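Residues per chain, in single letters:
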Amino acid sequence: MSVFIVLNGRGIQKKRCDMVIPPEGPKLPASLLDEVKERFGLIPNFFCLASESPEITQNLWGFAKTGYIDNPLPSLFKERLFVYMSRFCSVRYCIARHVGFLIGLGHPAGDSNCRTETVDQAVRLIRRDLPEGDDIRPQIAALKNSPAPLPQLPESDSPTEFAIIACATHVFLQTPQAPPCLDALRRVFRADQIEHLLVFLTFVRTAHFWTRIHPELTFEDDLQELFSVHEELAECVLSDPDAEPSDSTQGLLDELAVLRREQALWEEVQRVNLVLEEKDRQKDEFLATLAHELRNPLAPIRTGLELMKVMQHDTTALEEIRSTLEQQTKHLTRLVDDLLDVSRITSGKLQLKMCPVELEEVLRSSVTASQPFIDEGRHELLVTIPDQPVYLNADPQRLAQVFSNLLNNAAKYTPEGGRLLLTAVSDGSRIVVSVEDNGIGIPAERQTEIFSMFLQIESSPEELQQGLGVGLTLVKTLVEMHEGTVSVHSDGEHQGSVFRVSLPAIPNPQFALSGPVPPRGGLVQASKRRVLVVDDNRAAASMLSMVVKLLGHEVQTAHDGLEATELAADFLPDVILMDVGMPRMDGNEAARHIRAQPWGEPMMLVALTGWGQDEDRQRTREAGFDHHLVKPAEPSAIEELLARSSSRLN
């Protein structure tokens, strides 16, 4: 294992990774590799180049220990000087590797006890220009005016230290200023120290030459990682103007640019994968929940039908079964409606039909819709509304759905016998409706995501969940479409919760909610009509025909559009109740054909289909249908349409 450092905005964080050996693998004695790794903390590629001649690497390692690693000069000084002089090598391996050592990617100068420096310190060192000509004289003078010899080498990044580094670099490069620089160094170093310094400079020159004759030398993984995440350091290491990059270095620069782009792309792919994995997990949970929720109402429906076979003469039992079937069918319908609403939300096709409405009417409708759930849980519901009427510009059906969903949610997550509060407060410009319960509550960490699609609060097995986990998403979407806001608060688990919906009110309304009151049942019996029922689902066609017959009308059935057009020409029905999606000829095409006939113009055409979005209604309207009902249609809706047919036919 080797240690590399991942840089972030807050500092340096150590991680561990497997050491990567070049594919061909160094054919070196294990003892040599162990010694190199022990001293440096890793095996630099520098020592893996002469694998076919291990004795060369052994000699190089021996020189490295003498001139560099075991050289008695201070380790941090040696490493900083190595980094600075490597600026002037056209191959950038040495400066890169020794910058790595300097900041802790391995041991500086092979000394595990040497303190490391920061990336900023390394950048500052590399970016210091080498004084030349007359500019080097102040550094030479500073050394000649220092105590001779120095009792110890100065601290890093100090003026005296840089004077030593600058003079040593001129000696290393053999510039015209090298002789006076060497004289200044001889003054501040003891005789043995100057010898150690010259040996060190010789090894650095050897290392530079070694890298030049090995263009195949590659950066280790820790350096690749370092430069891919710290662009400022990479720029000054790889693009230093003091040394013209070789072809291999330029290739490395290009490779690192590609690496950064690939890394950014990879990070984005990783992020997207995590999002997709979470979405996939939610989808799987949703499908499992959907299957469970569909089976819940189907089970009593199927059982009830079986019981009706053997209890035909027990009217009390039959009425109880009928009531159960009705309740479960409504629950099943509501699940399908939620699925359709989810589809409309995700496709952006959910639309509102806004009009002035009174809040009390909306709340009354929502309570009526939620009453079966409230009764089932034996909950107490307390409703408090303003004394004065409050008016909103809203879609009454959708707004009632908002509050019924919140009431259903409260009933679902409140143990039996709990208390629910529905409260409305108005300040004239806005109305705030709260739904509060004393149920299982919501953990603080889940409150920020409670309105997410398919999310359900986990509860104990005895707290049986119902629903698809889309109700609160619908609430949030519908409230925001009404230019309102919704929020949730809970003190924690088993502390209950409260949802608050804030909506703009209509201040001082100058209108009166008036108009014809729709009938609430007991429609006047329409004249006997000829009705054609068309549906490729024979069971659905048969059941609907029975409903129409019970209403006192004459009925015939067809099971596709082509059969419907042929039968309509002979039967001449007053009303056609027709499915849309059918084989041979669909309902829209059949409607257009019927409307094109002289005998088809006065007929009332009613689309009875599972497709209920606005574009579906537009298509049936363009095909010639008078009305559009979404399956399953309530018998009362069928009764009302048949009653209306007399106005069209007369």
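A brief structural summary.

Conventions adopted
Residues numbered from 1 in each chain as written. Predicted model: local features only at pLDDT ≥ 70, side-chain atom pairs only at ≥ 80, totals over all residues. Heavy atoms only, no water. 1 Å grid on protein atoms, 1.4 Å probe; cavity = no way out; pocket = protein on both sides within 12 Å on 5 of 7 lines; lining within 4 Å. Points joined across faces, edges and corners; volume = space filled by probe spheres on them. Helix = DSSP H or I, 4+ residues; strand = E, 2+ residues; numbered from the N terminus. Nonpolar A, V, L, I, M, F, W, Y, C, P; charged D, E, K, R; others polar. Core = buried A, V, L, I, M, F, W, Y, C linked by side-chain atoms within 4.5 Å. Buried < 20%, exposed > 50% of the residue type's maximum accessible area, 1.4 Å probe, protein only. Axes fitted to C-alpha atoms, helices over the stretch in contact; angles between N-to-C directions. Parallel < 35°, antiparallel > 145°, perpendicular 65-115°, else oblique. Left-handed = near helix turned anticlockwise from the far one by under 90°. Contact = heavy atoms within 4.5 Å. Pairing = 2+ DSSP bridges. Phe/Tyr/Trp six-rings, centres within 6.5 Å; stacked < 30°, edge-to-face > 60°. Lys NZ or Arg CZ within 6 Å of the ring centre and 35° of its normal. Patch = residues over 30% accessible without salt bridge, like charges linked within 9 Å, V, L, I, M, F, W, Y side chains within 5 Å. Areas by Shrake-Rupley, 256 points an atom, 1.4 Å probe, with all protein chains shown as cover. Salt bridge = Lys/Arg side-chain N within 4 Å of Asp/Glu carboxyl O. Arc of directions from axis to C-beta.

## Description of empty space enclosed by the protein
Line of reasoning, step 1. Under the definition given, this model contains four cavities of 30 Å³ or more.
Line of reasoning, step 2. One number sums up the size of the second largest cavity: a volume of about 100 Å³.
Line of reasoning, step 3. In terms of lining, the second largest cavity is formed by 14 residues, of which the most central are Phe46, Phe47, Tyr68, His98 and Phe101.
Line of reasoning, step 4. Looking at the lining of the second largest cavity, the elements with two or more residues in it are α2 (54-69), α4 (93-103) and α9 (191-212).
Line of reasoning, step 5. Take the lining of the second largest cavity: its biggest share by element is five residues, from α4.
Line of reasoning, step 6. Taken together, the residues of the lining of the second largest cavity break down into 12 nonpolar, one polar and one charged.

## Observations concerning the nonpolar core
Line of reasoning, step 1. Of all hydrophobic cores here, the largest spans 79 residues; its most connected members are Leu185, Phe189 and Val237.
Line of reasoning, step 2. With nine residues, helix α7 (residues 159-173) is the largest single contributor of residues to this core.
Line of reasoning, step 3. Counting residues in each nonpolar core, the second largest holds 38 residues, with Leu359, Val362, Phe403 and Leu503 among its members.

## Structural notes on the packing of helix α14 (residues 359-376) against helix α15 (residues 396-412)
To characterise two packed helices, one gives the angle between the axes of the helices and the distance between these axes.
Line of reasoning, step 1. Put simply, α14 and α15 touch, their axes get as near as 8 Å, and they point 40 degrees apart. When the interaxial angle is binned, α14 and α15 end up oblique. As α14 runs across α15, the sense of the crossing is right-handed. Taken together, the residues of α15 that come into contact with α14 (itself represented by Leu359, Val362, Leu363, Ser365, Ser366, Val367, Ala369, Ser370 and Phe373) are Pro396, Leu399, Ala400, Phe403, Ser404, Leu407, Asn408 and Ala411.
Line of reasoning, step 2. Here the contact of α14 with α15 is composed, by residue class, of 12 nonpolar, five polar and no charged.

## Observations concerning the environment of His107
Line of reasoning, step 1. When you line up the elements, His107 lands in the loop between α4 and α5 (119-126).
Line of reasoning, step 2. The partly exposed category is assigned to His107, whose relative accessible area is 22%.
Line of reasoning, step 3. When the C-alpha atoms of His107 and Phe40 are compared, they prove to be 4.8 Å apart, with 67 residues separating the residues in sequence.
Line of reasoning, step 4. With residues near it in sequence (within four places) discarded, His107 still touches Glu38, Arg39, Phe40, Gly41, Phe101 and Ser112.

## With respect to the sheet that holds strand β10 (residues 530-534)
Backbone hydrogen bonds are what pair the strands of a sheet, in a parallel or an antiparallel way.
Line of reasoning, step 1. With parallel pairing, five strands are arranged side by side in an open sheet as β11-β10-β12-β13-β14. Each having just a single partner strand, β11 (554-558) and β14 (627-630) make up the two edges of the open sheet. Direction aside, neighbouring strands of the sheet carry axes that sit 20 degrees apart on average.
Line of reasoning, step 2. Across four bridges, strand β13 (residues 604-609) lies against β14 in parallel orientation. Bridge pairing links Leu608 to Leu629 in β14.

## Digging into the packing of aromatic side chains
Line of reasoning, step 1. For the coordinates displayed, the defined rule picks out 18 aromatic pairs.
Line of reasoning, step 2. The side chain of Arg97 reaches across the aromatic face of Phe101, ending 4.7 Å from its centre.
Line of reasoning, step 3. When the ring centre of Phe172 is taken as origin, the NZ or CZ atom of Arg205, which lies over that ring, is 4.9 Å away.

## A closer look at a nonpolar patch on the surface
Line of reasoning, step 1. A contiguous nonpolar patch, built from Leu265, Trp266 and Val269 and spanning about 320 Å² of accessible area, is present on the exposed surface.
Line of reasoning, step 2. Within the secondary structure layout, Leu265 lies in helix α12 (residues 247-310).

## A word on the pattern of salt bridges
Line of reasoning, step 1. On inspection of all chains with the given rule, the structure shows 21 salt bridges.
Line of reasoning, step 2. With a shortest N-O distance of 3.1 Å, Arg97 and Glu220 are connected by a salt bridge. With Arg97 in helix α4 and Glu220 in the loop between α9 and α10 (221-229), this residue pair connects regions lying 123 residues apart in the sequence.
Line of reasoning, step 3. Judged by its relative accessible area of 8%, Glu220 is buried.

## Some thoughts on the environment of Val204
Line of reasoning, step 1. Considering the arrangement of structural elements, one finds Val204 in helix α9.
Line of reasoning, step 2. C-alpha separation for the pair Val204 and Tyr68, spaced 136 residues apart in sequence, amounts to 8.2 Å.

## Looking at the pairing of strand β7 (residues 430-437)
The side chains of a regular strand alternate, first on one face of the sheet and then on the other.
Line of reasoning, step 1. Two strands pair when backbone bridges link them, and strand β6 (residues 419-426) and β7 are joined in this way by seven bridges, in the antiparallel orientation. Across the sheet, Leu422 pairs through a bridge with Val435, a residue of β7.
Line of reasoning, step 2. Count of turn residues in the β6/β7 antiparallel hairpin: three residues, of which Gly428 carries a positive phi of about 100 degrees.
Line of reasoning, step 3. Sheet topology note: the β7/strand β9 (residues 497-504) ladder contains eight bridges and is antiparallel. For Ile431, the partnering residue across the bridge sits in β9 and is Leu503.

## Focus on the packing of helix α1 (residues 30-40) against α2
Line of reasoning, step 1. In the contact formed by α1 and α2, the axes pass within 11 Å of each other and the chain directions differ by 25 degrees. Between α1 and α2, the interaxial angle falls into the category roughly parallel. The two elements α1 and α2 meet at a crossing, and its hand is left-handed. Residue-level inspection shows Leu32, Glu35, Val36, Arg39 and Phe40 of α1 in contact with α2, the latter providing Thr57, Gln58, Trp61, Lys65, Tyr68 and Ile69.
Line of reasoning, step 2. By residue class, the composition of the contact of α1 with α2 is six nonpolar, two polar and three charged.

## Focus: helix α20 (residues 614-623)
Line of reasoning, step 1. Within the span of α20, buried status applies to Asp616, Thr620 and Ala623. Down the axis, α20 shows its buried residues gathered within 60 degrees of arc, on one side only. Residues of α20 that are exposed and angled more than 90 degrees away from the buried face: Arg621 and Glu622.
Line of reasoning, step 2. Lining the buried residues of α20 we find α19 (587-595), β13 and β14.
Line of reasoning, step 3. In the stretch just after α20, Gly624 is the one whose phi turns positive, near 115 degrees.

## Considerations on the side chain of Thr620
Line of reasoning, step 1. When you line up the elements, Thr620 lands in helix α20.
Line of reasoning, step 2. Once you skip the residues sitting within four places of it in the chain, Thr620 turns out to touch Val580, Asn588, Ala607, Phe625 and His628.

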